[in-house]
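Below are the chains, spelled out letter by letter.
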Amino acid sequence: MSKSGFVPDNSNIKKSSGTPNLSVNYKQNVLFKRNDQNIAYQLTSTQMPAMLGGAFVDLYMTKGHMREPHWHPNAWELDVVVSGEVQVSVLDPDTSSMHNYRIKEGEVVFIPMGWWHWIESLSEEAHLHLFFNNDQFESTEGSDVLRLTPPIVFQKAYGVSANEVEEAVAPITDTVVIGPPHDHSFYQKSYLKDERDEKVVVKINEKVLHAEDK
């Protein structure tokens, strides 16, 4: 029987086998890669069998990208900012309340097991270390929930149009992990429009006009 998961002892290490491998280059194990600047490396008991009871992810992101909404059904998570600034959003299922934590280098956020959360880069570049109390932690990704749930289920459960849901989630063709995907024209148009609406303002005779009104 496997002892993977949270293990409070070293019973997996046998004296008769000698000292196990205690060092590894985790950057040889890519968990997910969006591009060279948005990438996550993973270290679990698969790479280091002696390391039962915990796992580690090294996460790099740039502004405009996020670790997509997800939850871990078998592990808590501790997010440590190495550099940059991020916002970690967490849904408390006990109080049905959303909490947003804006953190920088030296600050952490703890996410209890099974809680819905996501991480957004607020600085041009962000680097985080994520720690888990399960050496084979699991993740349920929001992109998988959306693309694999039949649209009619949303209609029956929430009274929304199945056709509109199907159209809205159609661009999500794979697990996202670090979003948005490469082909995200809708995101680009919406994001850039919001940026223009916020930043490009002209005053004529004390009347405020957006650039598109000129």
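That block above? That's the structure.
Residues numbered from 1 in each chain as written. Predicted model: local features only at pLDDT ≥ 70, side-chain atom pairs only at ≥ 80, totals over all residues. Heavy atoms only, no water.

**Observations regarding the nonpolar core**
For soluble globular proteins, nonpolar side chains are generally found buried alongside one another. Test applied: The criterion is simple. A nonpolar core is a set of buried Ala, Val, Leu, Ile, Met, Phe, Trp, Tyr and Cys residues joined through side-chain atoms within 4.5 Å. Think of it in three bands: residues with accessible area under 20% of the maximum for their type are buried, residues over 50% are exposed, and the middle band is partly exposed, with areas taken using a 1.4 Å probe on protein chains only. In this description a helix means any DSSP run of H or I spanning at least four residues, a strand means any run of E spanning at least two, and both kinds are numbered starting from the N terminus. Contacts are assigned to residue pairs with any non-hydrogen atoms lying within 4.5 Å of each other.
Formed by 23 residues in total, the largest nonpolar core has its most connected members in Leu59, Val86, Val88, Ile119 and Leu128. Contributing elements (two or more residues each) for this core: strand 3 (55-62), strand 6 (85-92), strand 8 (108-111) and strand 10 (125-132). Excluding residues within four positions of it along the chain, Ile119 makes contact with Leu59, Met61, Met66, Arg67, Glu77, Asp79, Val86, Gln87, Val88, Leu128 and Leu130.

**Observations concerning the packing of aromatic side chains**
Using the following cut-off: In this analysis, rings of Phe, Tyr and Trp, with Trp reduced to its six-membered ring, are considered paired at centre separations within 6.5 Å, and the interplanar angle assigns stacked below 30 degrees, edge-to-face beyond 60, and tilted for intermediate values.
A complete count under the given rule lists eight aromatic pairs for this structure. Here Tyr26 and Phe56 contribute two aromatic rings whose centre-to-centre distance is 5.3 Å and whose plane-to-plane angle is 85°, an arrangement assigned as edge-to-face. Here Tyr26 is found in the segment before strand 1 (30-35), whereas its partner Phe56 is found in strand 3, with 30 residues between them in sequence. The class of Tyr26 is partly exposed, set by a relative accessible area of 21%. Between the aromatic rings of Phe132 and Phe137, the centroid separation amounts to 3.9 Å while the plane-to-plane angle is 5°, which identifies the pairing as stacked.

**Some remarks on the side chain of Asn74**
Selection rule: Contacts described as polar in this section are N or O atom pairs within 3.5 Å, which, within protein, must combine one atom able to donate a hydrogen with one able to accept it, while residues neighboring in sequence count only if both atoms come from side chains.
With respect to the helices, strands and loops of the structure, Asn74 is situated in the loop between strand 4 (66-71) and strand 5 (77-83). Side-chain polar atoms of Asn74 contact the backbone oxygen of Gln136, separated by 3.1 Å.

**Comments concerning the pattern of salt bridges**
A side chain of one charge can pair with a side chain of the opposite charge when the charged atoms of the two come close. Put simply, the rule is: Salt bridges are defined as contacts in which a side-chain nitrogen from Lys or Arg sits within 4 Å of a carboxyl oxygen from Asp or Glu.
Under the definition given, this model contains four salt bridges. Notably, a salt bridge pairs Lys33 with Asp36, separated by 2.9 Å at the nearest N-O pair. For Lys33, a relative accessible area of 47% puts it in the partly exposed group. The residue Arg67 makes a salt bridge to Glu141 at a minimum N-O spacing of 2.8 Å. Residue Arg67 is found in strand 4, and its partner Glu141 is found in strand 11 (residues 140-141); the two are separated by 74 residues along the sequence.

**Digging into the pairing of strand 1**
Using the following cut-off: Pairs of strands are assigned from DSSP output, requiring at least two bridges between the strands.
Here four bridges tie strand 1 to strand 2 (residues 38-43), and the two strands are oriented antiparallel to one another. Bridge assignment links Phe32 to a residue of strand 2, and that residue is Ala40.

**A short note on helix 3 (residues 162-169)**
Inclusion rule: Directions pointing from the helix axis toward each C-beta atom define the arc.
Buried residues of helix 3: Ala162, Val165 and Val169, and no others. Here the buried residues of helix 3 occupy an arc of 60° about the axis, which is enough to place them on one side. Away from its buried face by more than 90 degrees, helix 3 exposes Asn163, Glu164, Glu167 and Ala168. Buried residues along helix 3 sit against helix 1 (142-148) and helix 2 (151-158). Put simply, Ser161 is the residue that caps the front of helix 3, since its side-chain oxygen is 3.3 Å from the backbone nitrogen of Asn163.

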